[in-house]
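A closer look at the structure
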Amino acid sequence: MSIVANKDVGETKESFFKAVSDVMELAEWKKYIGNSVFLKLNCVSDRVIPGQCTSPWVFEAVVKKLRSKKGIKIYAGDSYTVTNKQIERCFEAWGYNKIAKEYGVELVNLSKQPMIRKNIGGEIFKELDIPKILLDVDSIVTLPVLKTHYITKMTFSLKNQWGCITTVRQKYHTVASQCIAELNKFLKVSFAVGDASVCSEGHGPRVGKPKIMNCVLASNDLVALDSVGAKMIGMDSVEQIEYAHKLGIGSKEYNLKGDKIKISKFEPAILKTHIISLIEMNLRKIPLLNKIIFDTPLFKIPAYLTARMNDLWYYKKGRFLPGPVLKNNMYREEFEDLV
């Protein structure tokens, strides 16, 4: 069975970094990492609400650990969301620029990469344009955040690769779980370090609320890792995990190393609470309207409305969410200068 490592992050920056180092060692990271690596961050937002994007400390601790491999070349990044060209602002807001400069990491906006058309060979994904850098590196390491998600129920290591598709992923929302599995079968992510220090529950992935879980996980098996993540947040069945298991990407069976898993049922993300997204999902089921609205410039209208709703949510509620997290001394040290 695949190893899934889990460690409590403790109460200090030093214990946090040690926990990341420990889970990587327990999951035998050196077996899976070549001389060049792309770190797939979760950069969904340029506003700092802990639990929305990859923890800056997780990013830094992983980079610091990788630097122990002599001569390694490290890239890191993500792509634009459907509704927001947020990447460069996210790099700055979340402190990734500073970390990258300190450790010699090249930050990459995947949406600005040259694209290469590749045969995916899936039932839904036949061909896709893949950012060239993902094909050039020896290894892809994904750094997801454990969150609820209104389309796929949860997002963790498998779902994090959705951001590797830079242009057409919004067309596949109704079959997202199967597409996530097909994409991961093609990309063959080498290793994952799962950020469950501050997670996000409720109306995820963009407008959820922080939930402190105080742990980090690691594995070379994304199916096993996501199975642990689902168990932690109280979910019995998650479609992308089932699809990925059937495609042979990994196994739902695992050998847990490190600390005992913490289980705390998350408040779910419910589609009907996302009014525009609910309308979108229903319209996509009508072939003619799907083509007229979503395959033409008319798509800019729902994308614009969604972005404005996210803005409204942030100013009414989101900007106050970091407060309780910052009462924790360790997370105040991590996030106080960013929020």
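What comes next is a walk through the structure. Computed from a prediction, not measured in an experiment: that's the story for all the values here.

Thresholds, definitions, all that
Residues numbered from 1 in each chain as written. Predicted model: local features only at pLDDT ≥ 70, side-chain atom pairs only at ≥ 80, totals over all residues. Heavy atoms only, no water. Salt bridge = Lys/Arg side-chain N within 4 Å of Asp/Glu carboxyl O. Helix = DSSP H or I, 4+ residues; strand = E, 2+ residues; numbered from the N terminus. Buried < 20%, exposed > 50% of the residue type's maximum accessible area, 1.4 Å probe, protein only. Contact = heavy atoms within 4.5 Å. Phe/Tyr/Trp six-rings, centres within 6.5 Å; stacked < 30°, edge-to-face > 60°. Lys NZ or Arg CZ within 6 Å of the ring centre and 35° of its normal. Pairing = 2+ DSSP bridges. Right-handed = clockwise from strand over helix to strand, strands pointing away. Core = buried A, V, L, I, M, F, W, Y, C linked by side-chain atoms within 4.5 Å. Polar contact = N/O pair within 3.5 Å; in protein donor to acceptor, adjacent residues only side chain to side chain. Axes fitted to C-alpha atoms, helices over the stretch in contact; angles between N-to-C directions. Parallel < 35°, antiparallel > 145°, perpendicular 65-115°, else oblique. Left-handed = near helix turned anticlockwise from the far one by under 90°. Nonpolar A, V, L, I, M, F, W, Y, C, P; charged D, E, K, R; others polar.

**Comments concerning the pattern of salt bridges**
- In this structure the tally under the stated criterion is 17 salt bridges.
- Close ionic contact of glutamate 106 with lysine 73 constitutes a salt bridge, the shortest N to O distance being 3.8 Å. Placement of the pair is glutamate 106 in strand 4 (residues 106–109) and lysine 73 in strand 3 (residues 73–78), with a sequence separation of 33 residues.
- Note on glutamate 106: relative accessible area 38%, which makes it partly exposed.
- In this structure lysine 73 comes out as partly exposed when scored by relative accessible area, which is 33%.
- The salt bridge involving lysine 211 is made with glutamate 201; its shortest N-O contact spans 3.9 Å. In this pair, lysine 211 sits in strand 11 (residues 209–219) while glutamate 201 sits in strand 10 (residues 191–201), placing the two residues ten residues apart along the sequence.
- What makes lysine 211 buried here is its relative accessible area of 17%.
- Assessed through its relative accessible area of 11%, glutamate 201 is described here as buried.

**Considerations on the environment of valine 108**
- In this fold, valine 108 is placed in strand 4.
- With a relative accessible area of 5%, valine 108 lands in the buried category.
- Expressed as a C-alpha distance, the spacing of valine 108 and asparagine 328, which sit 220 residues apart in the sequence, is 32 Å.
- For valine 108, the residues in contact, after removing those within four places along its chain, are Phe38, Tyr75, Ala76, Gly77, Asp78, Phe91, Gln113 and Ile133.

**Focus: the packing of aromatic side chains**
- Scanning the entire structure with this criterion turns up eight aromatic pairs.
- Measuring from centroid to centroid gives 6.1 Å for tyrosine 32 and phenylalanine 191, while their planes differ by 20 degrees, and the two rings are stacked. Pair noted here: tyrosine 32 is in the loop between helix 1 (13–26) and strand 2 (36–40) and phenylalanine 191 is in strand 10, with a separation of 159 residues, a long-range link.
- Here phenylalanine 191 falls in the buried class, since its relative accessible area comes to 0%.
- Judged by centre distance (5.5 Å) and plane angle (85 degrees), the ring pair of phenylalanine 59 and tyrosine 96 falls under edge-to-face. In this pair, phenylalanine 59 sits in helix 2 (residues 56–66) while tyrosine 96 sits in helix 4 (residues 96–103), placing the two residues 37 residues apart along the sequence.
- We classify phenylalanine 59 as buried; its relative accessible area is 0%.
- Here a set of aromatic residues connected by ring pairs shows up, and it is made of Phe59, Trp94, Tyr96 and Phe335.
- The cationic tip of lysine 73 hangs over the ring face of tyrosine 75; the distance from NZ or CZ to the ring centre is 5.3 Å.

**Examining the pairing of strand 2**
- Of all five residues making up strand 2, five are buried, and the element is well covered by its neighbours.
- Burial along strand 2 is two-sided: Ser36, Phe38 and Lys40 facing one way and Val37 and Leu39 facing the other are all buried.
- For strand 2 and strand 3, the ladder comprises five bridges, and the chain directions are parallel. Pairing of lysine 40 across the sheet is with glycine 77, part of strand 3.
- The handedness of the strand 2 to strand 3 crossover, carried by helix 2, is right-handed.
- Pairing between strand 2 and strand 7 (residues 139–142): four bridges, direction parallel.

**Things to note about the nonpolar core**
- Membership of the largest hydrophobic core comes to 51 residues, with the highest contact counts inside it found for Leu39, Phe59 and Leu66.
- The biggest single contributor to this core is helix 2, with seven residues.
- Apart from the residues lying within four places of it in its own chain, the contact partners of phenylalanine 59 are Leu39, Leu41, Thr54, Ala76, Tyr96, Ile99, Val105, Leu107 and Leu143.

**Thoughts on helix 7 (residues 222–232)**
- Among the eleven residues in helix 7, ten count as buried, and that is most of the element.
- Taken residue by residue, helix 7 has Leu222, Val223, Ala224, Leu225, Asp226, Ser227, Val228, Gly229, Ala230 and Met232 as its buried positions.
- Near the N-terminus of helix 7, the side chain that reaches the backbone nitrogen of valine 223, with its oxygen 3.0 Å away, is that of aspartate 221.
- Of the residues trailing helix 7, glycine 234 is marked for its positive phi of about 80 degrees.

**Quick notes on the packing of helix 6 (residues 176–187) against helix 8 (residues 239–246)**
- Contact geometry of helix 6 with helix 8 gives a least axis separation of 8 Å together with a crossing angle of 40 degrees. It follows from the interaxial angle that helix 6 and helix 8 lie oblique. Both helix 6 and helix 8 take part in a crossing whose hand is right-handed. Within the contact between the two elements, helix 6 uses Ser177, Gln178, Ile180 and Ala181 and helix 8 uses Glu239, Gln240, Tyr243 and Ala244.
- Among the residues forming the contact of helix 6 with helix 8, the class breakdown is four nonpolar, three polar and one charged.

Without other data, these values stay purely geometric and don't point to any function.
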